[in-house]
Protein chains: 8
Amino acid sequence: MEKVLIISGSRSDAEIVKKAEDVLKEFGIGYKYEVASAHRNPDKVEKLVKETTAEVIIAVAGLSAALPGVVAARTFRPVIGVPVDAALDGLDALLSIVQMPPNVPVACVGINNGKNAAVLAVQILALKDKELAKKLADFKEGLKQ
Amino acid sequence: MEKVLIISGSRSDAEIVKKAEDVLKEFGIGYKYEVASAHRNPDKVEKLVKETTAEVIIAVAGLSAALPGVVAARTFRPVIGVPVDAALDGLDALLSIVQMPPNVPVACVGINNGKNAAVLAVQILALKDKELAKKLADFKEGLKQ
Amino acid sequence: MEKVLIISGSRSDAEIVKKAEDVLKEFGIGYKYEVASAHRNPDKVEKLVKETTAEVIIAVAGLSAALPGVVAARTFRPVIGVPVDAALDGLDALLSIVQMPPNVPVACVGINNGKNAAVLAVQILALKDKELAKKLADFKEGLKQ
Amino acid sequence: MEKVLIISGSRSDAEIVKKAEDVLKEFGIGYKYEVASAHRNPDKVEKLVKETTAEVIIAVAGLSAALPGVVAARTFRPVIGVPVDAALDGLDALLSIVQMPPNVPVACVGINNGKNAAVLAVQILALKDKELAKKLADFKEGLKQ
Amino acid sequence: MEKVLIISGSRSDAEIVKKAEDVLKEFGIGYKYEVASAHRNPDKVEKLVKETTAEVIIAVAGLSAALPGVVAARTFRPVIGVPVDAALDGLDALLSIVQMPPNVPVACVGINNGKNAAVLAVQILALKDKELAKKLADFKEGLKQ
Amino acid sequence: MEKVLIISGSRSDAEIVKKAEDVLKEFGIGYKYEVASAHRNPDKVEKLVKETTAEVIIAVAGLSAALPGVVAARTFRPVIGVPVDAALDGLDALLSIVQMPPNVPVACVGINNGKNAAVLAVQILALKDKELAKKLADFKEGLKQ
Amino acid sequence: MEKVLIISGSRSDAEIVKKAEDVLKEFGIGYKYEVASAHRNPDKVEKLVKETTAEVIIAVAGLSAALPGVVAARTFRPVIGVPVDAALDGLDALLSIVQMPPNVPVACVGINNGKNAAVLAVQILALKDKELAKKLADFKEGLKQ
Amino acid sequence: MEKVLIISGSRSDAEIVKKAEDVLKEFGIGYKYEVASAHRNPDKVEKLVKETTAEVIIAVAGLSAALPGVVAARTFRPVIGVPVDAALDGLDALLSIVQMPPNVPVACVGINNGKNAAVLAVQILALKDKELAKKLADFKEGLKQ
């Protein structure tokens, strides 16, 4: 059963998503990846969020990046947003993702930074998984090299 | 029955919405105004869009202004988006609204420009309403004064 | 007789225009495309707008993208503006097109997004054409794939 | 007969225009000031430009500041544009005015800087008016105090 | 013992911090709030992070908002960053917080949005606290009113 | 004797300068082009401005584009500034050139738009040269093709 | 004899300059403050720079903030630039000051941050003044309170 | 013993650092270059700053460029920051570096401008080294060629 659900708004975000997948695999965390656009197929997004057993959701999107917010509107699990540079150096997606109204947060990471979305997911999951916390401590130590 | 449905993401957008309402009243166009946040109450937004008989929808939102795009995702009627300046001079809302992905357009007007949203709605409705077209021509003529 | 008139400010916008043309052809909508710069040949722009029988006008322009506004100044038909990225990632054209003064709206779509301009035009025309509305519903359904 | 024609897009630009008028009066240069919006009353703009005997035209506008470019499209006299801060700190108007396409220049001065528009006009007129050049040299010297 | 540690870079951030405190109190979550600047007192920041038993850290900062990243450098717990508008509408702080390098994420929320930082912290803590999850579901439901 | 003096801040601006030179040659206007940096060789800039008989000065610069303003500080002839895109899409140079303080104007044209600088210079010179005015009218007419 | 020369482009920068003066007084460093605009009175700027015995120069300016660069062009002493928010939140002055061409550096500090300019000057002077270094260490320690 | 310590946040900044190294070598100034990330290895940064005998520190970083500020927090020697364009044209790093809070300055130079960081370091060091001052005067003179 997936611990993390990754949704990207477009197939063209695959490269960014892969950076997240690599981290999750490295930490041995089950995940599921689906492409579902908040604008082209909102029902699929809604269904994915309703049915998932994942504890953390990563949403990856460019342009008018509504996806992370739309996911956050339908869950009270933590939602991590990754802005993709599809135009304007990704500034449009960054602002669309981070500037959420009060009470409906999205945890925004850097532009195109799929890796950080996954590391953040691991940090969250490690709060209740001692083994994962141990791996994370080693990972953190390894960054110094 | 309403010809235009206005949705704003927050009660605090009322002043911008009023500018649109005034135009619609001036042109004698039936409308309905509802507050419904894409992030706090997506079901209400979905229900409003599904049940409306309006031919044009005006969506008003600030910050991560997902509302116009979320509405556009659920209708093939024209959706007009009004970015509200709630932060960053409204640049966040402007980019969130205008930078829609291919195939799901939102017709974006200027920041805080509720008036233009309504005039655009009238222009669209006038295409099949000769009396309205006549009024619009007079309105256009009146702008010269 | 054309239902949609497309004007671009420069021959170099042809690629963006083509994205619009492809959509209009797909929906079987008659259109006419002309290159006419608001700055180099304002009389041609004025003449095109005055003589057209089109119900919707799409104006495509980069830099100081005055064309959509200049067209909107001379018609009360809906005008759709497409900002082209010719400099500054297209931010100059976006702001020039979207920030129209009260009472003279332009329906702005995303940067380089000729496709959305055409889909929006189809949405507007479909309000009085049931067959077109049917095609649009199918198109919308097809986006989910 | 006016040497300088000042056009502003809106009555609300009067304060900026006054800064220009004060300079022109100080230098004893005849001018005429008209309010004419490129978007609400393009015929008036066109008529003003066609009929003026002014050697320099100053155009003042905010938002989608098309006015200076529209004037430049209809004259080969020098056109000076003044961007007004009506939104976005005036960045929208600045880009709309300065980013003209090749062959149709507008001489853009700083945001809200009506004074500089007038001083530039004086500098241009002084090229063929020795008395004015003398006054300008004195003015320039006076800036040092 | 605190579940959440809030650090702000300056006493002047107190109003933003209060929005977070109110949420945490509402959910009955123990927290500790300290003022500690990453630039004026890095040892205090380091000590706070080393000694805390908190599971989530909220870091609030304006300008060159290094604090969230500096905290993230010293913990593998989730760090939530709140950009404060102290200049440039908060864009400087937003970019400083969100654009972290790979492997060291900060979960950035909106400008001045202390409330969302706290809601996100609650969402994270609720993953291992069923009672809190229940409260969060009620809170989420309450947003619809 | 030159009518126009062109100064660029760096040899690397030659391509932008060439666009201006081509226009001046086409109109048969005598000009002189010098490379002189306001930052590396201010004495040369000062000497060029003091000694020139040119009636209009075009200054081309990127980054902290002080050159046009520095020239304007030393002459009361019209100074035209051309911002060069050497970083930040040329936004740094644009703002450096256009945002002059009151009383010391620079006539700013678009980013990299050496052509418009020259056309503007021609427009200015044509005010006292009927033959040039005639050529300019033809040139303007030719833009319509 | 002054150790630090402060020049501001306008009398209106006095408040920003005062923040610098207060620091210099606190550290007992002799300084001289002059208002001299690079655009209105370049000769005065040049004279001030040539005649000063100061080891560090602080230049404060807004808009097209050429002053720091113009000073740097005429000295090989360290020049510290302070961008003033006179428009566009100070972004114009910031970019004008910081984006100097290779070989002619200006040490730019934050927008309106006269205090940091002075502290930086003290840090530089302390490299050859042990007593000053001692005071600086105490000052630094005091920041922790 | 090094006079200048250069720290860059990432190995990928080597090209920018090299521009600084070349200048320091040309002036015969001893330096040491270390890669140490403020986010991945803050202890190394702290140790480098504590142990160095350098009089000036150059810190080079992109994205959330915390490094210069983190260094400045731990020393009262002058710290020069070089923003690297790793995203958003380097605007994120520029703002992160320059917008330091009062009392903890960083001397920011232009984006990617490693050369200016080194020249500034030389200018600072030359204040107490007459031979270096002589070389600097020659260097300055040489810029005019």
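Refer to the structure printed above.
Residues numbered from 1 in each chain as written. Chains lettered and ligands numbered in written order. Predicted model: local features only at pLDDT ≥ 70, side-chain atom pairs only at ≥ 80, totals over all residues. Heavy atoms only, no water.

Section: the interface of chain F and chain D
For clarity, the cut-off: Note on contacts: a residue pair is in contact if any heavy atoms of the two residues lie within 4.5 Å. Buried area is a sum: the accessible area each of two parts loses on coming together, probed at 1.4 Å, counted once for each and added. Salt bridge, as used here: a side-chain nitrogen of Lys or Arg that lies within 4 Å of a carboxyl oxygen of Asp or Glu. By the criterion applied in these results, polar contacts are pairs of N or O atoms within 3.5 Å in which, for protein atoms, one can donate a hydrogen and the other can accept it, and in which residues neighboring in sequence qualify only through two side-chain atoms. The way it works is that DSSP assigns letters per residue, a run of H or I at least four long becomes a helix, a run of E at least two long becomes a strand, and they are numbered from the N terminus. In this classification, the charged set is Asp, Glu, Lys and Arg, the nonpolar set is Ala, Val, Leu, Ile, Met, Phe, Trp, Tyr, Cys and Pro, and all remaining amino acids, among them Gly, are polar.
Contacts between the two partners involve 39 residues from chain F and, on the opposite side, 39 residues from chain D. Across the chain F/chain D interface, buried area totals approximately 3400 Å², and carbon plus sulfur atoms make up 64% of it. When residues of chain F are sorted by the area they lose upon contact with chain D, Phe76, Asn103 and Leu127 of chain F head the list and together hold 22% of the total. Applying the counting rule to chain F against chain D returns zero salt bridges. One can count 19 residue pairs in polar contact (both at pLDDT 80 or more) joining chain F with chain D. Broken down by element, the residue count for the side of chain F that touches chain D peaks at six residues, all from helix H5 (residues 114-125) of chain F. Across the side of chain F that touches chain D, the residue classes tally to 27 nonpolar, seven polar and five charged.

Comments concerning the relation of the copies chain F and chain D
In plain terms, the rule: When the copies are overlaid, the least-squares fit takes in C-alpha atoms only where the residue has pLDDT of at least 70 in both copies.
By a simple turn and slide, chain F fits onto chain D: the slide is 0.0 Å along the axis, the RMSD is 0.0 Å, and the turn is 180°. Here the copies are linked by what is in effect a two-fold axis. A high fraction, 100%, of the interface residues of chain F reappear at the interface in chain D, so the copies pair face to face through one surface.

So, the relation of the copies chain A and chain E
Here chain A sits on chain E after a turn of 180° about the axis and a move of 0.0 Å along it, with an RMSD of 0.0 Å. Taken as a fraction of all interface residues of chain A, those also at the interface in chain E reach 100%, which identifies the copy contact as same-surface.

Here's the deal with empty space enclosed by the protein
Inclusion rule: In the cavity and pocket records, a cavity denotes points on a 1 Å grid over the protein atoms alone where a 1.4 Å probe fits but cannot get out, a pocket denotes an open set with protein on both sides within 12 Å along at least 5 of 7 lines, and lining residues are residues with an atom within 4 Å of a point. Grid points are joined across faces, edges and corners, and a volume is the space filled by probe spheres set on the points.
Within this structure, the stated rule accounts for eleven cavities of 30 Å³ or more. Lining the largest cavity are 32 residues; nearest its centre among them are Leu91 of chain A, Leu91 of chain B, Leu91 of chain C, Leu91 of chain F together with Leu91 of chain H. A per-class count over the lining of the largest cavity returns 24 nonpolar, no polar and eight charged.

What about the packing of helix H1 (residues 14-26) of chain A against helix H5 (residues 114-125) of chain A?
Residue and element names in this part refer to chain A. The criterion, for reference: Here an axis means a line fitted to C-alpha atoms, over the contact stretch when the element is a helix, while the angle between two N-to-C directions is reported on a 0 to 180 degree scale. Handedness of each helix crossing follows the sense of rotation of the near helix against the far helix: counterclockwise by less than a right angle gives left-handed, clockwise gives right-handed.
Running from N to C, H1 and H5 cross one another at 35°; their axes reach a closest spacing of 7 Å. Crossing of H1 over H5 shows right-handed handedness. Contacts between H1 and H5 involve Ile16, Lys19, Ala20, Val23 and Leu24 from the first element and Gly114, Lys115, Ala118, Val119 and Val122 from the second. In terms of residue class, the contact of H1 with H5 is made up of seven nonpolar, one polar and two charged.

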